[in-house]
Amino acid sequence: MTIALDPARLPKLDILSLARTGLILRAERETPDTGIPSFLTRSGWVELVIHHRRSTTDGIETEEQTANRLLPALERICARLLSEAARGAKAQDKQDASVFTVETDLFPSSTQTRIVLVADRTHPVACALIGTPEQITQLLASTDTKSGEA
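Residues numbered from 1 in each chain as written. Predicted model: local features only at pLDDT ≥ 70, side-chain atom pairs only at ≥ 80, totals over all residues. Heavy atoms only, no water.

Please clarify how the overall build of the protein should be interpreted in this entry.
Helix and strand content of the protein: four helices and eight strands. Taken over the C-alpha trace, the protein has a radius of gyration of 15 Å; the compact-globule value for 150 residues is 15 Å, and the two agree within 12%. Taking the principal axes of the C-alpha coordinates as reference, the protein spans close to 50 × 35 × 30 Å. Looking at the protein alone, contacts between residues at least 24 apart form 52% of all its contacts between residues at least 6 apart. Mean positive and mean negative side-chain charge positions of the protein (17 and 20 charges, respectively) differ by 1 Å. (Helix = DSSP H or I, 4+ residues; strand = E, 2+ residues; numbered from the N terminus. Rg over C-alpha atoms; globule rule 2.2 N^0.38 Å. Contact = heavy atoms within 4.5 Å. Lys, Arg positive; Asp, Glu negative; His and termini not counted. Charge placed at Lys NZ, Arg CZ, Asp CG, Glu CD.)

Written out as structure tokens, the structure reads:
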């Protein structure tokens, strides 16, 4: 399911700075042609890596090894989450909705996953931030402190 997003109508964040400082990480290797860039909060990523890290005969997987194993599944999960958000927006007839909360088992620390649609402050592109409600709240609070805006 698709809906049209107008980045001019979404809350603005400096996505590039958040990514450069490591507060958010790409949740996909490449953005699908009809998709929008998806990012996990740093704390959400760490939670997933710790939860899914495997022991091997040589010890414990590195973060890179775990990431390489997780990314394909995470890409499918993010596409599904965005589809659920689109379905919810369409059902509620809210084309301008930018915050969605879905019941999932993605994060071990919460049964809820929050999807926040924002626009990059410097480029007219919509992006999705994904994490638990607490992780998203912490991320947005840190951006308020750094930039004075949300």
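What is the right way to look at the packing of aromatic side chains in this model?
Each aromatic ring pair is specified by the distance between its two centres and by the angle formed by the two planes. Scanning the entire structure with this criterion turns up zero aromatic pairs. In this structure, Arg26 is placed above the aromatic ring of Phe39, and the distance from its NZ or CZ to the ring centre is 5.6 Å. (Phe/Tyr/Trp six-rings, centres within 6.5 Å; stacked < 30°, edge-to-face > 60°. Lys NZ or Arg CZ within 6 Å of the ring centre and 35° of its normal.)

Teacher, can you tell me more about the pairing of strand E7 (residues 112-120) here?
Along a regular strand, successive side chains alternate from one face of the sheet to the other. For E7, a buried count of seven out of nine residues is recorded, marking the element as mostly surrounded by other parts of the structure. Relative to E7, strand E1 (residues 12-13) runs parallel, the two sharing two bridges. Its bridge partner being in E7, Lys12 is matched across the sheet by Ala119. Where strand E6 (residues 99-103) and E7 come together, five bridges link them in antiparallel fashion. Among the inter-strand pairings, Thr101 is bridged to a residue of E7, identified as Arg114. The sheet contact formed by E7 and strand E8 (residues 126-131) spans six bridges and is antiparallel. Opposite Val116, over in E8, you have Leu129 as the bridge partner. A loop of five residues connects E7 with E8, the two strands running antiparallel in sequence. (Buried < 20%, exposed > 50% of the residue type's maximum accessible area, 1.4 Å probe, protein only. Pairing = 2+ DSSP bridges.)

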